[in-house]
Each structure stands twice: as structure tokens, then as C-alpha cells.
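One-letter residues, chain by chain:
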Amino acid sequence: EAQVTQNPRYLITVTGKKLTVTCSQNMNHEYMSWYRQDPGLGLRQIYYSMNVEVTDKGDVPEGYKVSRKEKRNFPLILESPSPNQTSLYFCASKPWGPQGNEKLFFGSGTQLSVL
Amino acid sequence: GESVGLHLPTLSVQEGDNSIINCAYSNSASDYFIWYKQESGKGPQFIIDIRSNMDKRQGQRVTVLLNKTVKHLSLQIAATQPGDSAVYFCAENSGTSYDKVIFGPGTSLSVIP
């Protein structure tokens, strides 16, 4: 089944304790992206990657890191989490089709709470 | 700046009625538009898309209309069902910008049985 898999689904941590949220897609998509979703603010892009070893900042990259060593994986790293990073996080991927842009496929989300 | 916005944050409709969710966009260069549905506790899911060379596209019970003159996008859901209750997002892409997807803030649709 074609899917984007995020882990963990829920995560509670404390300020300053490094964490990684994993994301994997099995559709051979070039493009992958991380979003955070907060009430009243919609979906905001954190980082994206257009291919292996190519990553770029989105709209809200501060406090986050990413890597793209393999096409299928795009982990989100919080080196020193803070309470303002408490949010619902989504990983997504998409192909580059014959007509150009295509739709995003989203993971199920990771609810992160930083105490 | 570039933005995609929805006119109403919430919408309530009676089961069986038709729903219309609206979206305005400001980037004239956008040429690909998508509607996503997000059910509670889940990630957004693709519903329907449309490219700028079309003004209407139909799916199963859903229709997307694109009016490039006034930069307006709408999603019509026919015979709305309780399972349609969700938050609906419109999103835009520029054909020259593979990286950027701009999401609207979303409309929460509630279906009254």
C-alpha cells in the first residue's frame, strides 16, 4: 500500500531533550516536506527536500533540522525542544509528474508535547 | 504577499444538502490547485485537484470550480453526508515552483443529521 509513515504517533518530552520524528514513504517520491499544524494557523512548512541530499527551509525552520540521506526517509530532528514546539506535525511527499506539480500524500501525524 | 484563504472558518449544513466551500487566492502565477480533507485525528487527504487550463472538474460527489478572473476556487459537495464532516483546505502551487505549496487556513464543515 502506498503510504507515508510517521513515528511516533504521540510523543511527550521535556525541554532540551533531543528527539527525532521519523518519516518514510514507499512511493519513490522525490519531494518530501514537514509541516506543523497549530490551531488558527493552518499548515506551516518547516523544511522540505526536493531530492536526496537537497534540503531547504520552509516558513518556520527555527529549532528544527532535517536530513535526506535516502530517497525514502526524511527525519525531523529537534535538537533542543522547547514548549513552543508543541504541535501536530505532518510529513508529506509528492512526485513530479508529467504535468509538473502533483498532490501531496500526508502521514497520519505526530502529536508532540514539550513540557 | 501570496496567500490562499478560505472565506468561512466554519460551515454547517443539513445532511442531504449540497455544501459549497470557497477559497480565494492571490497569486496569478498559481496554476495548480488542490482540495484536501482532514478528518479528526488524521492527516490531510487529497480530494480533487484542478489545473489552470480548466475551470471545472468533477469527481465522485465533489466538483471543483476555478474562476481565474477573480482568483476564486470552490469545492462543491453534493448530498452531504455525516462522513463529510471534516476540515477542508485549499492549496495552491505555482507551476514554476515545485517546492512551494500554500495552504489556506481551512473550513470546518459540520453535517447536521
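Residues numbered from 1 in each chain as written. Chains lettered and ligands numbered in written order. Predicted model: local features only at pLDDT ≥ 70, side-chain atom pairs only at ≥ 80, totals over all residues. Heavy atoms only, no water.

Novice: Any chance you could explain the nonpolar core here in plain terms?
Specialist: One recurring pattern in soluble globular proteins: nonpolar side chains tend to sit buried together. Core analysis: the largest hydrophobic core is formed by 20 residues, its most contacted members being Trp35(B), Leu73(B), Leu75(B), Tyr88(B) and Leu109(B). Those elements that provide at least two residues to this core are β2 (10–14), β3 (19–25), β4 (30–38), β5 (45–51), β7 (62–67), β8 (72–77), β9 (86–94) and β11 (107–112) of chain B. Among residues more than four places away in sequence, those in contact with Leu73(B) are Ile21(B), Asn22(B), Cys23(B), Phe33(B), Trp35(B), Ile50(B), Val64(B), Leu65(B), Leu66(B) and Cys90(B). Counting residues in each nonpolar core, the second largest holds 19 residues, with Met32(A), Val66(A), Tyr89(A) and Cys91(A) among its members. (Core = buried A, V, L, I, M, F, W, Y, C linked by side-chain atoms within 4.5 Å. Buried < 20%, exposed > 50% of the residue type's maximum accessible area, 1.4 Å probe, protein only. Helix = DSSP H or I, 4+ residues; strand = E, 2+ residues; numbered from the N terminus. Contact = heavy atoms within 4.5 Å.)

Novice: What exactly am I supposed to notice about the sheet that holds strand β3 (residues 19–25) of chain A here?
Specialist: Residue and element names in this part refer to chain A. Within the open sheet, the four strands sit side by side as β1-β3-β8-β7. Their pairing is antiparallel. Of all strands in the sheet, those bounded by a partner on one side alone are β1 (4–7) and β7 (65–66). Bridging between β3 and strand β8 (residues 76–78) involves three bridges; their strand directions are antiparallel. Bridge pairing in β8 places leucine 19 opposite leucine 78. (Pairing = 2+ DSSP bridges.)

Novice: Sorry if this is basic, but what is going on with the interface of chain A and chain B here?
Specialist: Frequently, the measure chosen for interface size is the accessible area removed from exposure when the parts meet. Facing the 23 residues of chain A at the interface are 21 residues of chain B. The contact between chain A and chain B buries some 1900 Å² in all, and 54% of this surface belongs to carbon and sulfur atoms. Looking at the side of chain A facing chain B, the largest losses of area belong to Leu43(A), Asn101(A) and Lys103(A), adding up to 28% of the total buried there. Where chain A meets chain B, there are one salt bridge. In this structure, Glu102(A) and Arg51(B) form a salt bridge, with 3.4 Å as the shortest nitrogen-oxygen distance. Linking chain A with chain B are five residue pairs in polar contact (both at pLDDT 80 or more), by the criterion used here. (Buried area = accessible area lost by both parts, 1.4 Å probe. Salt bridge = Lys/Arg side-chain N within 4 Å of Asp/Glu carboxyl O. Polar contact = N/O pair within 3.5 Å; in protein donor to acceptor, adjacent residues only side chain to side chain.)

Novice: Sorry, what's going on with the side chain of Arg68(A) here?
Specialist: Residue and element names in this part refer to chain A. Assignment of secondary structure puts arginine 68 in the loop between β7 and β8. An unpaired buried charge is present at arginine 68: no salt bridge exists, and glutamate 30, the closest side chain of opposite charge, is 7.4 Å distant. Within the structure, the side chain of arginine 68 is placed 3.4 Å from the backbone oxygen of glutamate 70, a separation counted as a polar contact. Beyond its immediate stretch of four places on either side in the chain, arginine 68 contacts Gln25, His29, Glu30, Met32, Ser49, Met50, Asn51, Val52, Glu53, Thr55, Asn73 and Phe74. (Lys, Arg positive; Asp, Glu negative; His and termini not counted.)

Novice: How should I be thinking about the pattern of salt bridges in this particular structure?
Specialist: Where side chains of opposite charge bring their charged atoms close, a pairing between them can arise. Residues and elements named next belong to chain A. On inspection of all chains with the given rule, the structure shows nine salt bridges over all chains. Notably, a salt bridge pairs aspartate 38 with arginine 44, separated by 2.8 Å at the nearest N-O pair. Among the residues examined, aspartate 38 registers a relative accessible area of 11% and is labelled buried. We classify arginine 44 as partly exposed; its relative accessible area is 24%. Salt bridges linked by common partners bring Lys18, Lys65 and Glu79 together as one network.

Novice: So what exactly am I meant to see when it comes to the pairing of β1(A) here?
Specialist: Within a regular strand, the side chains alternate between the two sheet faces. Residues and elements named next belong to chain A. Burial of the side chains of β1 is restricted to one face: Val4 and Gln6 are buried, whereas none of Thr5 and Asn7 on the reverse face is. In the sheet, β1 pairs with β3 via four bridges, with the strands oriented antiparallel. Across the sheet, residue valine 4 finds its bridge partner in β3, namely glutamine 25.

Honestly, that's just the spatial picture; any functional story needs more than this.
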